[in-house]
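Okay, here's what each chain looks like letter by letter:
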Amino acid sequence: MTERERMLSGMLYQSEHETLRQARLRASELTFQFNQTAPHEAARRKALLRELLGTCGGPIWVEPTFRCDYGSHIHIAGPFYANYDCVILDVCEVRIGRNVLFGPRVCLYTAGHPIDAEVRASGLEFGRPITIGDDVWVGGSTVVNPGVTIGSRVVIGAGSVVTRDLPDDVIAVGNPCRVLRTITEEDRAHWQSLARSYWEETPQPEIGAKS
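Worth saying up front: this structure is predicted, and the values here are computed from it rather than measured.

Parameters and conventions
Residues numbered from 1 in each chain as written. Predicted model: local features only at pLDDT ≥ 70, side-chain atom pairs only at ≥ 80, totals over all residues. Heavy atoms only, no water. Helix = DSSP H or I, 4+ residues; strand = E, 2+ residues; numbered from the N terminus. Rg over C-alpha atoms; globule rule 2.2 N^0.38 Å. Buried < 20%, exposed > 50% of the residue type's maximum accessible area, 1.4 Å probe, protein only. Contact = heavy atoms within 4.5 Å. Pairing = 2+ DSSP bridges. Phe/Tyr/Trp six-rings, centres within 6.5 Å; stacked < 30°, edge-to-face > 60°.

## Thoughts on the overall build of the protein
Then, in step 1: Looking only at helices and strands, the protein has 5 helices and 20 strands in total.
Then, in step 2: Relative to a compact globule of 211 residues, whose C-alpha radius of gyration would be 17 Å, the protein shows 19 Å and is just as compact.
Then, in step 3: Per-residue burial for the protein yields a buried fraction of 40% across its 211 residues.
Then, in step 4: Within the protein, residue pairs in contact and separated by at least 24 positions form 28% of the contacts whose partners lie at least 6 positions apart.

## Points about the sheet that holds strand β6 (residues 80-82)
Then, in step 1: Pairing is mixed across the open sheet formed by 7 strands, whose spatial order is β3-β6-β9-β14-β17-β19-β20. Edge positions in the sheet fall to β3 (60-62) and β20 (178-182), since each has one partner strand and no second.

## Quick notes on the packing of aromatic side chains
Then, in step 1: What the rule picks out here adds up to 2 aromatic pairs.
Then, in step 2: Centre to centre, the rings of Tyr-198 and Trp-199 are 4.9 Å apart; their planes meet at 80°, and the pair counts as edge-to-face.
Then, in step 3: Judged by its relative accessible area of 41%, Tyr-198 is partly exposed.
Then, in step 4: Judged by its relative accessible area of 48%, Trp-199 falls in the partly exposed class.

## Some words on the environment of Pro-39
Then, in step 1: With respect to the helices, strands and loops of the structure, Pro-39 is situated in the loop between α2 (18-35) and α3 (42-52).
Then, in step 2: Look at Pro-39 and you get exposed, because its relative accessible area is 71%.
Then, in step 3: With 163 residues separating them in the primary sequence, Pro-39 and Thr-202 have C-alpha atoms 28 Å apart.

## Quick notes on the sheet that holds strand β15 (residues 143-144)
Then, in step 1: With parallel pairing, the 5 strands of this open sheet are ordered in space as β4-β7-β10-β15-β18. Two strands close off the open sheet at either side, each with one partner strand: β4 (66-68) and β18 (161-162).

Right, here's the structure in full:
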């Protein structure tokens, strides 16, 4: 079994193995290029993301700066939007569903280190995958820890630290992040009513470059 296979399976592995170092170097080069693009270079940004990431299934827009370990272990169904300073440590797979929004400085960490100091000092590491469902809004400065699964239609309050799985259709906040309440039919009716009023009163805008 290779070090990459060990890493992706959640086993202990050596992160400084040459093949992994070369893979991280590739990601560093691509993210450096991405983060140096000018605001008008939308097409180049999209091309760099498609080269960097494992899967881009739909429209994706990421505001620089963006950092990741490997990139190839990140799979995004799209549409997807990430605001400034997103960090994804993808030593294990990160799977993000459709219609997902990240506020600024959202960080996903699949990487972990042994609790025992002697083992940790030896350079051995491990990882756990992160999965995010469809129609999720993650508030700014939220941290998602290794091994977490977030359900669909979830709203996570800004500054949260998500250490455990979250079910579908909830609002969750805090450190550690906890379910505040379920998203109800009353919530849906309220926002649908506001949206209908908006579209009745406002001409539909043209689709912008972020699509």
